[in-house]
Amino acid sequence: MSGSVIPTARRLLASRLFLTLCLAATTIAILLLGALLVSIAIEGLGSLSWRFLDSFASRKAAQAGIKAPLLGSVWVCAICALIAVPMGIGTAIYLEEFAKRSRIKRLIQLNVSNLSGVPSIVYGILALAAFVRFFGMGSGDEPWTLGNPESFWYLQCPLGPSVLAGGFTLALVILPIMIIASQEALRAVPQSLRQGALALGSTRWQVVRLVTLPAAMPTIMTGAILAMSRAIGEAAPLLVIGGFLLVFQTPTNLMSDFTVLPLQIFNWAGRPQEDFHKLAAAAIIVQLVVLVAFNSIAIVIRQKLQRPLQS
Amino acid sequence: MTQPTTPEQPLGASRVELPRGESETAARAPSSPQTAISMRGLSSWYGSNQVLHALDLEIAAKQVCAFIGPSGCGKSTLLRWINRMNDTIPGARAAGMLSLHGLDLLDPTLDVVDLRRRVGMVFQKPNPFPKSIFDNVAFGPRLHRIYSPTDLEELVEQSLRASALWGEVKDRLDSSALGLSGGQQQRLCIARAIAVGPEVLLMDEPCSALDPRSTASIEELIRELRATYTIVIVTHNMQQASRVSDATAFFYEGKLIETGATDLLFTNPTNRQTEDYVTGRFG
Amino acid sequence: MTSFAARSAGEIAQRGRPHSPLRRRWSEKTIRAILFLLTLLTVVTTVAIITVLATETYGFFTLAGHPEISLWGFFTGEEWSPLLGAEPMFGVLPLVCGTLLVTAIAGVFALPIGLLTAVYLSEYAAPRTRTILKAALEILAGVPTVVYGFFALTFITPYLLQPLSSGFGAYNAMSAGIAVGIMILPIVCSLSEDALRAVPQSLRDGAYALGSTKFDVSAKVVVPAGLSGVIAAFLLALTRAIGETMIVALAAGGLAQMTANPAAQVQTMTAYMVQIFLGDAPAAGIEYKSSYAVAFTLFLITFALTWTGAIVLKRYREEYE
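Residues numbered from 1 in each chain as written. Chains lettered and ligands numbered in written order. Predicted model: local features only at pLDDT ≥ 70, side-chain atom pairs only at ≥ 80, totals over all residues. Heavy atoms only, no water.

What follows is about the overall build of chain A. On a plain count of helices and strands, chain A comes out with eleven helices and two strands. Listing the helices and strands of chain A from first to last along the sequence gives α-α-α-α-α-β-β-α-α-α-α-α-α. Dimensions along the principal axes, computed over C-alpha positions, put chain A at roughly 85 × 60 × 40 Å. Counting the 311 residues in chain A, one finds 55% classified as buried. Looking at chain A as shown, the accessible area adds up to about 14,000 Å², and 66% of this sits on carbon and sulfur atoms. Between the averaged position of the 23 positive side-chain charges in chain A and that of its 12 negative side-chain charges there is a distance of 18 Å. (Helix = DSSP H or I, 4+ residues; strand = E, 2+ residues; numbered from the N terminus. Buried < 20%, exposed > 50% of the residue type's maximum accessible area, 1.4 Å probe, protein only. Areas by Shrake-Rupley, 256 points an atom, 1.4 Å probe, with all protein chains shown as cover. Lys, Arg positive; Asp, Glu negative; His and termini not counted. Charge placed at Lys NZ, Arg CZ, Asp CG, Glu CD.)

Here you go:
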C-alpha cells in the first residue's frame, strides 16, 4: 500500500471550515436584506402618512404624495395581468398539451427562453415602436379615435404613452415568465390523469379543461403572482415608452396618462435633495408592503390549495 | 426522424376487404357472433423498433381473455391498439388488420373519441381524478351525452354497484376520490369506465399496484363483469390469469406463441416456451 | 347482482342525448388554432424586436450629414460623447466596458455567495431553516430594482464604501455593482439550489459509504454533479445583470469612460438609454437614434448569453435515473 492517509482530524477541519464559509455567505445575504429594510424604514417611515398616499406630485417635498403613481400602478398592472396571464397559460397549454414533439416546437421553446432573457428596457423599445407609435403609421396626422374622450371606452390608435400601452408593455415583459411557469405547472400533472381522461373518450381540449388545467391551477396561480410582482416593480420599459410624466390626475380610461410607483421612486431618488430621498423611501415602503402582500397570497395558495394529485 | 423500411405498409394503408365507413349497425351483426375483436397480421412499431410481429388472434365476446408473457413482450402495446391509446405515443404505428365487431380499428380517420366510449380502459396504477367520487364516475358520461340530473345520479349509482363499491362510498359521494384506499380507487376507475356504457373493458395489469385483499376483490369483480362485457386483461400473474380468464394468449418477444382456453393452456400447453413460462421456468 | 347493475348502467348510459360529434370536432379545431396563434405571438415578438432594433440601427448608421458614424467606428471606438462637445463621438466600447465592469463586480460578489448559500440550503440547513431562508430569498427576488438603486445611492456608497476609501464619489461602479449583485443573488441561489437538489440521494449515499465527510460529499460529489445547472444559473444571473437598468441609472453615474477602476463613475448601455429616453433629445436627432444602436448591441450580447446557457444545459446535463 502506498500513499499516506490524510488525518481524519484534518478532513473534519476542512468540513468544519466549509460549513463556516457557507454560513458566512448565508449570513451576508441575510444581513444585506436586513440592512436594506432597516435603512429604508429609518429614512422613510417619517414621511409615511395618509396625506402622502392621497396627494399628487409636487415640487415641494412636504406636499408631495403618491396618489397618481399608486393608482397608475394599479391600472397598468391590472391590464398587464388580464393580458399576460391568459396568454401565458394558453401558450403553455399549446406547447405542453397539443404540440407534437418536433423541430418547430423546440424552436418555439428556445425562443421563449430567449425572450425571458431579453432586458426589460429592450421590451420598452419594442413597445414604444409598436404600441405608442404604431410603427409610425398615421404619424403627423390626427390619431384614429373611437368613442368620446370623456368615456371609459375611449380608444385611440396609436395608443400614445397611455395606461393601455403601459399594460401591454409590462405584459410583453412578463409573458415569457408566465409561459415558463405555466408549462412547469402543467408538466407536474401526472401523465396517468391525462391517460385516464383520454381513455374515457375525452378530446385533447377536454383533457386540458377538465383534468390538467384544474390540477395545475394552484401552481399556475402562484407563478402568475410571482410574475405580477415582477411587473409591479418594473420601471425601465415604462420609462422608455413615456419618460417620466408628472401626472396630476388618476387614470379615468384606457387612454389616460399615467406614472407608476417605481418611476416615481426613481424620480425622487435621483434628485439631490435629502427631503426627496425621504419621499422615495416612503414610496418604497408602500411598494414593499404591496409586494409582501402579493407574495403572502402566493404562499397561502401554495400551501392551502395544493391538494395531492396522486395518492 | 428516419423512416424505417417496413415490410408492411404503415397504418391505414393495408386493408382487408371491408367497406370503408361501414355503419355501426352493420358492424354489430358480425358474421361470427362469438368474435368481438379480431386481428390478422397485426404488426406494430415504436419508431424503427418492431414490437408486434404479424399477430392473428380472435377474442370472443362476453368472455375474459388474458394476455400473458414476460415484460416487453408487447402485450400492453397490443391492448393499447384496441382503444388506440397508442395514438398518444409519438412514433407508434401499426399495420395489418384489427377490428372490433367489424369496425376497422386501424383506420386513421376513425373517431377515436367514439371508439374509447365503446372500449373502456383500466390502468396499472389507479388514476382517479382529483375530484369527488361522484364527479369521477360522472366524468365519462358528461363527455359524451347530456343527462338529466336523475339519470346521471342513477347512472353513477349503478356503475358503482357494478364495481361493488356502492356500499362503501354511498354516504360520501362528494368527498375526494383520493381519500379512498388503493383497491377502492381501482374499483372506482372500473366504475368510471363502466359509466360510459362500453362493450369492451381493457385492463392493463389492474392489480399490480394492489395488496392481495384488494386484488381478490378486483378478480371477483372481473368474473362478475364477464356476463356483460368483453374483457381483455394483461397480467404478469399466472395464477391471476388462470383464476379470472376464459381464454389466454401467451406472447413472447412480440409474437403470439400460443392461444386457447385457459384451463387447456395452463394444464396442457402444446408449445415448449408456453410450458416453460406457465410453469415458472422463465419470465 | 353486479352484472345486473352493470347491464343497467349500460342501459342508463344510453338515455342521455349525445353531443354532436361534428361540433366537438370543430370546437377542438378552433381552440387548437387559437392556442397555436397565441404561441406564434412569442415568435412574432422576437421578430418584431429584431426588426425594430435593426431598422432603427440602420437609420442611425445611414443618417444624412453624419459621415463620422461607421459600423467599424461604432464597435471599436473608444470614446462615447454624443451629447457633449462640438463633435459627438460614437464609439460604443466605453458603454460596453461600463456594463462589463458593473456586471463583473456583481458576479464576483453574487456568484460565490449565491452558490455557497445554495450548498448550505441544499446540504446542511434543517428543513425549518430552509423554509425561512427560502422565503427571505423570495422577498429579495421580488424587490423592485429601483429599490436596490436607491439602496446603493443612500446606503452602500455613503455607509459602506466611502468610509473605506475617500476615492469613492457619490456615483461609482462599485456600489452599482454590489447592488446588482444583491439583485441577482436570489436568482443564483434558488436556481443553483434546484440544480443541487436534483442530484439523486443515491450519489450522496454512495459517497458517504466510501467514508466521505459532509464537505467531501458537497464539494466533490454534489456540486460537480449539478454543475451544468449551476453554470446555467450563473449565466442567467449575468444576463439579468447586463440588462439591469434602474440600479445603474441611479448609482453608477453618467460618464462614459473606459476604466477598470471600481471607484470611478461609469455609464452602462442601459443607463445611456435611460438618459436619452428620459431627456429631451429630439426624436429625429442623432443622439436619439444612437440609443437604438446601443440597444441592439445590448440585445445581441444578452441573446448570445441566453443561447450559451441553453446549450450548456442541454449538452452537459447529466441524466440520472
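Once that is clear, we can look at the overall build of chain B. Each helix and strand counted, chain B has eleven helices and eleven strands in total. For chain B, the residues scored as buried account for 55% of the 283 residues in total. Once local pairs closer than 6 in sequence are excluded, the contacts in chain B between residues at least 24 apart make up 67%. For chain B, the computed accessible surface area is about 11,500 Å², with 49% contributed by carbon and sulfur atoms. (Contact = heavy atoms within 4.5 Å.)

Strand order in this open sheet of four strands is 2-1-4-5 (chain B), and the pairing throughout is antiparallel. Because the sheet does not close on itself, it has two edges, and the strands there are strand 2 (49–60) and strand 5 (103–104) of chain B. (Pairing = 2+ DSSP bridges.)

How big an interface is tends to be expressed through the accessible area that disappears when the partners come together. Opposite the 25 residues of chain B that make contact, chain C presents 20 residues. In total, about 1,900 Å² of surface goes out of reach between chain B and chain C, with carbon and sulfur atoms giving 54% of it. Contact with chain C buries area across many residues of chain B, yet Arg145, Ile146 and Gln158 of chain B alone supply 29% of it, more than any other trio. A salt bridge links Arg25 of chain C to Asp111 of chain B, with the nearest nitrogen and oxygen atoms 3.5 Å apart. If you look at where chain B meets chain C, you find eleven residue pairs in polar contact (both at pLDDT 80 or more). (Buried area = accessible area lost by both parts, 1.4 Å probe. Salt bridge = Lys/Arg side-chain N within 4 Å of Asp/Glu carboxyl O. Polar contact = N/O pair within 3.5 Å; in protein donor to acceptor, adjacent residues only side chain to side chain.)

All names here are of chain A. Viewed as axis vectors pointing N to C, helix 3 (residues 67–98) and helix 8 (residues 204–233) meet at an angle of 135 degrees, and their least axial separation amounts to 9 Å. Relative to helix 8, the element helix 3 is oriented oblique. Seen from above, helix 3 lies across helix 8 with right-handed handedness. Mapping the contact onto sequence places Cys77, Cys80, Ala81, Val85, Ile89, Ile93, Glu97 and Phe98 in helix 3 and Arg204, Trp205, Val208, Thr212, Leu213, Met217, Ile220, Met221, Ala224, Met228, Ala231 and Ile232 in helix 8. (Axes fitted to C-alpha atoms, helices over the stretch in contact; angles between N-to-C directions. Parallel < 35°, antiparallel > 145°, perpendicular 65-115°, else oblique. Left-handed = near helix turned anticlockwise from the far one by under 90°.)

All right, on to the interface of chain C and chain A then. Between chain C and chain A, the residue contacts involve 71 residues of the former and 76 residues of the latter. A buried area of about 6,700 Å², summed over both sides, lies between chain C and chain A, and 79% of it is on carbon and sulfur atoms. Summed over the shared surface of chain C and chain A, the number is one salt bridge. Among the ionic pairs, Arg11 of chain A bridges to Asp216 of chain C, the shortest N-O distance being 3.0 Å. Our enumeration of links across chain C and chain A arrives at nine residue pairs in polar contact (both at pLDDT 80 or more).

It is worth spelling out the side chain of Ser43 of chain B at this point. Residues and elements named next belong to chain B. Checked against the element boundaries, Ser43 lands in strand 1 (residues 35–46). Judged by relative accessible area, which is 1%, Ser43 ranks as buried. Looking at Ser43, its side chain comes within polar contact range of the main-chain nitrogen of Ala54, at 2.9 Å.

Further remarks concern a positive patch on the surface. Residues Arg103 and Arg106 of chain A together with Lys314 and Arg315 of chain C make up a contiguous surface patch of positive charge. Those elements that provide at least two residues to the positive patch are helix 4 (103–115) of chain A together with helix 13 (286–316) of chain C. Assignment of secondary structure puts Arg103 of chain A in helix 4. (Patch = residues over 30% accessible without salt bridge, like charges linked within 9 Å, V, L, I, M, F, W, Y side chains within 5 Å.)

Here we take up the packing of helix 6 (residues 145–161) of chain C against helix 7 (residues 173–197) of chain C. Residue and element names in this part refer to chain C. Taken N-terminus to C-terminus, the directions of helix 6 and helix 7 make an angle of 130 degrees; their axes are 9 Å apart at the nearest point. By the angle between their axes, helix 6 is oblique relative to helix 7. The two elements helix 6 and helix 7 cross, and the hand of that crossing is right-handed. Seen from helix 6, the contacting residues are Thr145, Tyr148, Phe151, Ala152, Ile156, Thr157 and Leu161; seen from helix 7, they are Met174, Ser175, Ile178, Ala179, Ile182 and Met183.

Glancing now at the sheet that holds strand 9 (residues 230–234) of chain B. Residues and elements named next belong to chain B. Read from one edge to the other, the open sheet built from six strands follows the order 6-8-9-3-10-11, with strand pairing classed as mixed. With one partner strand each, in any of the chains shown, strand 6 (119–122) and strand 11 (255–261) form the two edges of the open sheet. Sheet twist, expressed as the average angle between the axes of neighbouring strands with direction ignored, equals 15 degrees. Strand direction decides the pairing type here: strand 6 and strand 8 (residues 200–204), joined by four bridges, are parallel. Across the sheet, residue Val119 finds its bridge partner in strand 8, namely Val200. Taken strand by strand, helix 8 (residues 212–225) contacts strand 3 (64–68), strand 8 and strand 9, and its axis lies near 150 degrees from that of strand 9.

Here the focus is the pattern of salt bridges. All names here are of chain A. Across all of its chains, the model carries 25 salt bridges over all chains by this definition. Taking the shortest distance from any N to any O, the salt bridge between Glu96 and Arg187 comes out at 3.1 Å. A residue pair is termed long-range when its members are at least 10 positions apart, and Glu96 in helix 3 and Arg187 in helix 6 (residues 163–187) qualify at 91 residues. Measuring nitrogen to oxygen at the nearest pair gives 3.2 Å for the salt bridge that ties Glu234 to Arg230. Under the relative-accessibility criterion, Arg230 is labelled partly exposed at 24%.

Function cannot be inferred from these measures alone, as they are strictly geometric.
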